[in-house]
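Structural features, examined
These are the residues of each chain, in order.
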Amino acid sequence: MTIFQFPNDFKWGTATAAYQIEGAAREGGRGPSIWDTFSHTPGRVFNGDNGDVACDSYHRYEEDVELMKELGINTYRFSISWSRIIPDGDGEINQEGLDYYHRFVDKLLEAGIEPFCTLYHWDLPQALQDVGGWENRRSIDAFVKFSEVMYREFNGKIRYWLTFNEPWCIAFLSNVIGVHAPGKQDLQAGLDVAHNLLVAHGKSVSKFREIGVDGKIGIAPNVAWAVPYSKNEADQGAADRNIQVFSDWFLDPIYKGSYPQSLYSWFEQSGHVPPIHEGDMEAIAQPIDHIGINYYAMSVNRFNPDGGYLQMEEVDMGLVKTDIGWPVESRGLYEVIHYLQKYGNIDIYITENGACINDDIVNGKVNDVRRISYLQQHIAQVHRVIQDGINLKGYMAWSLMDNFEWAEGYRMRFGLVHVDYRSLKRTPKESFYWYQNVVKNGWMETRK
Ligand SMILES: N=NNCCOCCOc1ccc(-c2cn(C[C@@H]3NC[C@@H](O)[C@H]3O)nn2)cc1
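The structure contained in this document is the topic of the report that follows. Nothing here was measured: the structure is a model prediction, and the numbers come from that model.

This paragraph deals with the overall build of the protein chain. If you tally the helices and strands in the protein chain, you get 16 helices and 15 strands. Computed over C-alpha atoms, the radius of gyration of the protein chain comes to 21 Å, within 12% of the 22 Å expected from 2.2 N^0.38 for 448 residues, which places it in the range of a compact globule. For the protein chain, the spread of C-alpha atoms along the three principal axes comes to 60 × 55 × 45 Å. Put simply, the protein chain has 448 residues, and 61% of those count as buried.

Once that is clear, we can look at the environment of Arg370. Looking at the element boundaries, Arg370 is found in helix H15 (residues 369-387). Among the residues examined, Arg370 registers a relative accessible area of 37% and is labelled partly exposed. Linking Arg370 and Asn136, residues 234 residues apart in sequence, is a C-alpha distance of 44 Å. Excluding its chain neighbours within four sequence positions, the residues that come into contact with Arg370 are Asp323, Ile357, Asn358 and Asp359. Among the polar contacts made by the side chain of Arg370, one reaches the side chain of Asp359 at a distance of 3.2 Å.

Following Ala181, the chain continues into Pro182 via a peptide bond in cis, with omega recorded as 10°. Along the chain, Trp398 connects to Ser399 via a cis peptide bond; the corresponding omega equals 10°. Within the fold, Ser399 resides in the loop between strand S12 (392-398) and strand S13 (417-419). Even without being a glycine, Glu166 presents a positive backbone phi close to 50°.

For the structure shown, the criterion picks out 28 salt bridges. One salt bridge connects Asp56 with Arg60, and the closest N-O pair in it is separated by 2.8 Å. Between Glu114 and Arg159 there is a salt bridge, with its nearest N and O atoms 2.6 Å apart. Taken together, the positions of Glu114 in strand S4 (residues 114-120) and Arg159 in the loop between helix H7 (138-154) and strand S5 (160-165) put the pair 45 residues apart, joining distant regions of the chain. One salt-bridge network, held together by shared partners, links Glu148, Arg152, Lys207 and Glu210.

Take the pairing of S5 next. Moving residue by residue along a regular strand, the side chains alternate between the two faces of the sheet. When you tally the buried positions in S5, you get 6 out of 6 residues, the bulk of the element. Pairing geometry for S5 and strand S6 (residues 216-220), over 4 bridges, is parallel. Residue pairing in the sheet places Asn165 in a bridge with Ala220 of S6.

Right, let's talk about the sheet that holds strand S9 (residues 298-303) for a bit. Ordered by their spatial adjacency, 3 strands build an open sheet running S7-S9-S10, and the pairing between neighbours is mixed. Whereas interior strands pair on both sides, the edge strands pair on one side only; in this sheet they are strand S7 (225-228) and strand S10 (312-315). Ignoring which end each strand starts from, the neighbouring axes of this sheet average 45° apart. Where S7 and S9 come together, 4 bridges link them in parallel fashion.

Right, let's get into the environment of His195. Residue position: His195 is located in helix H9 (residues 187-211). Leaving out residues up to four positions away in the same chain, His195 has contacts with Arg137, Tyr259, Pro274, Pro275, Ile276, His277, Asp280, Met281 and Ile284. Here the side chain of His195 touches Asp280 through a polar contact of 2.8 Å, side chain to side chain.

A few words now on the packing of H7 against H9. At a closest axis distance of 9 Å, the pairing of H7 and H9 adopts a crossing angle of 30°. Handedness of the H7/H9 crossing: right-handed. Here Ile140, Phe143, Val144, Ser147, Glu148, Tyr151 and Arg152 of H7 lie close against H9, whose contacting residues are Asn196, Val199, Ala200, Lys203, Ser204, Lys207, Phe208 and Ile211. Residue classes in the contact of H7 with H9 are distributed as 8 nonpolar, 3 polar and 4 charged.

Before going further, it helps to spend a moment on the site of the ligand. Lining the immediate surroundings of the ligand are 14 residues, of which Gln20, His121, Glu352, Glu405 and Trp406 lie closest. Separating an oxygen atom of the ligand from a side-chain N or O atom of Glu405 is a distance of 2.6 Å. Here an oxygen atom of the ligand sits 2.8 Å away from a polar atom, N or O, in the side chain of Trp406. When isolated, the ligand has an accessible area of 620 Å², and the protein chains bury 76% of it. When atom positions are compared with the pocket grids, the ligand is found to occupy the largest pocket. The greatest single-element share of the shell around the ligand, amounting to 3 residues, is contributed by helix H8 (residues 167-177).

Let us look at helix H16 (residues 430-441). Each turn of an α-helix holds 3.6 residues, which means side chains three or four residues apart point in the same direction. Its 12 residues give H16 an end-to-end C-alpha distance of 17 Å, which sits within 8% of 16 Å, the value for a rise of 1.5 Å per residue. For H16, every residue scored as buried is listed here: Ser431, Phe432, Trp434, Tyr435, Val438 and Val439. Along the axis of H16, the buried positions cluster into a sector of 165°, meaning they face one direction only. Following H16 by one or two positions, Gly442 has its phi on the positive side, about 75°.

A few words now on empty space enclosed by the protein. The gaps of empty space that remain are located by a probe, the size of a water molecule, rolled over the atoms. On inspection of all chains with the given rule, the structure shows 3 cavities of 30 Å³ or more. Estimates place the volume of the largest cavity at around 100 Å³. What lines the largest cavity is a set of 17 residues, among which Ile34, Ile170, Asn175, Ala181 and Pro182 lie closest to the centre. Counting only elements with at least two residues in the lining of the largest cavity, the list comes to helix H2 (34-39) and H8. By residue number, the principal contributor to the lining of the largest cavity is H8, which donates 3 residues. Residues that form the lining of the largest cavity fall into these classes: 10 nonpolar, 6 polar and 1 charged. Space inside the second largest cavity adds up to approximately 90 Å³. Those elements that provide at least two residues to the lining of the second largest cavity are helix H1 (18-21), helix H3 (57-71), strand S3 (75-79) and helix H5 (95-110). Here the residues of the lining of the second largest cavity sort into 8 nonpolar, 3 polar and 2 charged.

About the thresholds
Residues numbered from 1 in each chain as written. Predicted model: local features only at pLDDT ≥ 70, side-chain atom pairs only at ≥ 80, totals over all residues. Heavy atoms only, no water. Helix = DSSP H or I, 4+ residues; strand = E, 2+ residues; numbered from the N terminus. Rg over C-alpha atoms; globule rule 2.2 N^0.38 Å. Buried < 20%, exposed > 50% of the residue type's maximum accessible area, 1.4 Å probe, protein only. Contact = heavy atoms within 4.5 Å. Polar contact = N/O pair within 3.5 Å; in protein donor to acceptor, adjacent residues only side chain to side chain. Salt bridge = Lys/Arg side-chain N within 4 Å of Asp/Glu carboxyl O. Pairing = 2+ DSSP bridges. Axes fitted to C-alpha atoms, helices over the stretch in contact; angles between N-to-C directions. Left-handed = near helix turned anticlockwise from the far one by under 90°. Nonpolar A, V, L, I, M, F, W, Y, C, P; charged D, E, K, R; others polar. Near = heavy atom within 4 Å. Areas by Shrake-Rupley, 256 points an atom, 1.4 Å probe, with all protein chains shown as cover. 1 Å grid on protein atoms, 1.4 Å probe; cavity = no way out; pocket = protein on both sides within 12 Å on 5 of 7 lines; lining within 4 Å. Sits in = over half its atoms within 2 Å of the grid points. Expected span 1.5 Å × (residues − 1). Arc of directions from axis to C-beta. Points joined across faces, edges and corners; volume = space filled by probe spheres on them.

Here it is as structure tokens:
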């Protein structure tokens with residue numbers, strides 16, 4: 001038996017996002033977002049699922065906070081629906097939207113749970129998309145205005161902030177691969193979006209400092225860890241490009257003030273470069289306080305000239321997979337956190353880690369032992385990283401509850417809590433009680 005003891009001040013939490021859980025899509029003055037448009041576009045989301053109702057957390061947030069109290073977490077990561085706050089993206093402020101988040105954050109604080117707020121978790125107001133979205137530099141100032149409203153309104157209540165969730169998904173998955181909203185397949189669009197969101201991030205951090213918000217701010221890249229299928233240069237290059245497009249493409253500009261040269265040259269050879277304006281790189285490189293890391297899986301990569309914008313393909317090595325098809329390999333979490341040490345011993349939070357396990361309720365219980373196994377393996381890697389002296393300060397399981405999993409709709413379940421989407425009944429799964437014990441003890445026990 002092995003005991004993994006965590007620091008007393010370690011942040012144990014769970015994570016969600018506005019469009020995935022809130023519902024109330026046309027209530028409280030909320031304007032449409034690109035995910036309302038995308039999910040209502042036939043063929044874009046499995047089964048035609050959408051976030052109109054989702055988990056109805058807009059109305060059930062008190063019940064959700066009671067679940068968090070039962071779970072015993074001290075931190076809860078959530079995101080803000082921008083189009084609830086400024087329905088058309090950069091126009092009038094919607095007081096009802098601010099009031100909702102005040103009610104919710106007050107409930108968290110009453111419960112002794114630290115709010116950990118993501119400003120942008122993919123749900124761009126549709127009105128901004130109508131004029132080019134993140135490809136248009138107007139979205140930069142609109143985001144800074146939205147973030148300033150939130151900083152001023154919640155200064156003193158929210159101390160932990162993230163500007164953007166998973167910039168790779170916002171830029172590349174959504175504009176080059178085309179699986180997420182707005183669903184474009186254009187490499188230059190992806191580079192434009194990546195650059196403009198980085199400028200928006202940097203200008204928002206400057207605004208945060210200028211206001212003097214009592215708190216800390218950062219960004220939450222989802223990260224890839226990849227190993228080459230063979231020792232040949234082409235496969236190594238493919239793995240390097242895959243790693244860098246998730247982390248370095250965003251963290252180099254922030255921490256070094258420039259894009260990673262090898263990947264920049266890779267894109268440049270096909271005639272695509274970021275649209276850098278005078279002063280942009282300085283604006284991006286504002287010092288930040290922490291980064292959130294979202295890790296799910298690692299991959300084995302090899303070169304494939306027909307393998308998309310990176311000329312890379314993932315090789316199935318026959319590992320156990322979760323129900324969304326991602327291999328279970330926790331080693332990548334350890335490796336990628338060490339890889340990120342090149343930016344310094346920065347404060348890191350695991351802001352998402354979890355498994356898609358679609359077990360259903362049987363005799364009133366969800367016996368999701370595969371999720372428990374996944375969490376155990378990954379939390380053990382978190383412990384290894386801490387033992388190595390790295391500033392890993394918290395872990396937020398994705399997700400508190402089953403929710404709208406983007407293009408996969410509601411068929412893919414990541415929650416510690418099962419949601420019946422007809423009745424909206426919440427049922428804690430066995431993994432909820434396992435995690436509750438880890439959080440309560442501050443340590444984890446494994447048989448070996
Ligand atoms: N790399 N090339 N791929 C080529 C083919 O891609 C097809 C699909 O790709 C992807 C890649 C990554 C994801 C993904 C999902 N989550 C989980 C969410 N995280 C934020 C939170 O909201 C969770 O719901 N994290 N990442 C989805 C699809």
